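Here's the letter readout for the chains.
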Amino acid sequence: MFLRLLKRIALVFVGPLIFLFVAFVPAICGKRRGFRGWFWRTVSRGCSWLLWFLDVKVEISEAAIRTLAEDENSIIAVNHRSHLDGFCMLHVIPDEKWVTFGAKKELCRAALLKRGFQGAGLLEIDRENGRHALESLTEAVADMPRRRSPILFVEGTRARTPGLPAFKPGAVLIAQATDRAVRPFVIIGSDKLLPRGAFLPKAGTITIDILDQIEPDPNLGTDENVAVLRHAMADSYDAATGEKTTF
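Undergrad: Help me out: how do you make sense of the nonpolar core in this one?
TA: Across soluble globular proteins, you tend to see nonpolar side chains buried next to one another. Ranked by size, the top nonpolar core spans 37 residues in total, and within it Trp40, Phe185 and Ile208 carry the most contacts. For this core, the leading source of residues is helix 2 (residues 35-53), giving eight residues. Residue contacts for Ile208: discarding those within four places in its chain leaves Val58, Glu59, Ile60, Cys88, Met89, Val92, Phe185, Val186 and Ile187. Leu152, Ala171, Leu211 and Ala234 belong to the second-largest nonpolar core, a separate cluster that totals 24 residues.

Undergrad: Could you clarify how one ought to interpret a nonpolar patch on the surface in this entry?
TA: On the surface, Phe2, Leu3, Leu5, Leu6, Ile9, Val12 and Phe13 cluster together to form a nonpolar patch covering roughly 770 Å² of accessible area. The residue Phe13 is located in helix 1 (residues 2-29) in this model. Judged by relative accessible area, Phe13 falls into the exposed class, the value being 60%.

Undergrad: Would you mind going over the pattern of salt bridges with me for this structure?
TA: Pairing is possible between side chains of opposite charge, provided their charged atoms come close. Counted by the stated rule, this structure contains seven salt bridges. Measuring nitrogen to oxygen at the nearest pair gives 2.8 Å for the salt bridge that ties Arg183 to Asp71. Of this pair, Arg183 sits in strand 6 (residues 181-188) while Asp71 sits in the loop between helix 3 (62-70) and strand 2 (74-78); the two residues are 112 residues apart in sequence, bridging distant segments of the chain. The class of Arg183 is buried, set by a relative accessible area of 7%. Here Glu72 makes a salt bridge to Arg146, at a shortest N to O gap of 3.7 Å. With Glu72 in the loop between helix 3 and strand 2 and Arg146 in the loop between helix 7 (130-142) and strand 5 (148-153), this pair connects stretches of sequence that are 74 residues apart.

Criteria and thresholds
- Residues numbered from 1 in each chain as written.
- Predicted model: local features only at pLDDT ≥ 70, side-chain atom pairs only at ≥ 80, totals over all residues.
- Heavy atoms only, no water.
- Core = buried A, V, L, I, M, F, W, Y, C linked by side-chain atoms within 4.5 Å.
- Buried < 20%, exposed > 50% of the residue type's maximum accessible area, 1.4 Å probe, protein only.
- Helix = DSSP H or I, 4+ residues; strand = E, 2+ residues; numbered from the N terminus.
- Contact = heavy atoms within 4.5 Å.
- Patch = residues over 30% accessible without salt bridge, like charges linked within 9 Å, V, L, I, M, F, W, Y side chains within 5 Å.
- Areas by Shrake-Rupley, 256 points an atom, 1.4 Å probe, with all protein chains shown as cover.
- Salt bridge = Lys/Arg side-chain N within 4 Å of Asp/Glu carboxyl O.

Right, here's the structure in full:
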């Protein structure tokens, strides 16, 4: 308990330093060759440190780590339960796998963050103009190397109900337009440690399950392909939590 208190106190000083690094180093070095690969690996280390200070552990199998290391030509589709989700994902992404996030337009254009986010290669999402957001994301993904995957939260925002709520079709639509597969990434237990309205998480463990790639079926409509993805992720999530996703 005493060690936990010391770690929380230390985080008051270390946390802002990590944030400043993430926000401003890309603004200075973002145009250098090879920067983004180095940057995301370093951010991953920073996320690992933050989780250590918070006493949040992440369970993931060695087989899942190997799967991520070998993953290519995919869009990573992840459920969203808590503000801890992004930190946990980057904590487990191996160096061999390159990723980037989709972030809402308001963050990408914030005065203090704009240049940094552009340098880091974040994908801007305009929630108020879904068609424009889909077009810009599709163009960005089409230009990505096979090794890099965008990470998209398929529910659009943090879930409020048990089970997995309805999915947005964006990940499937982009996969269809760019001839990529969808890699389901299931996060379990993050909302128990940091629910809505909480400022600091409880100590505990979050589990991550990596599923097989899902190729959109050209013989099915978009809604049917989204349903296939949601069923696969819900089977994993419900089995681990005992909850029941309603379809």
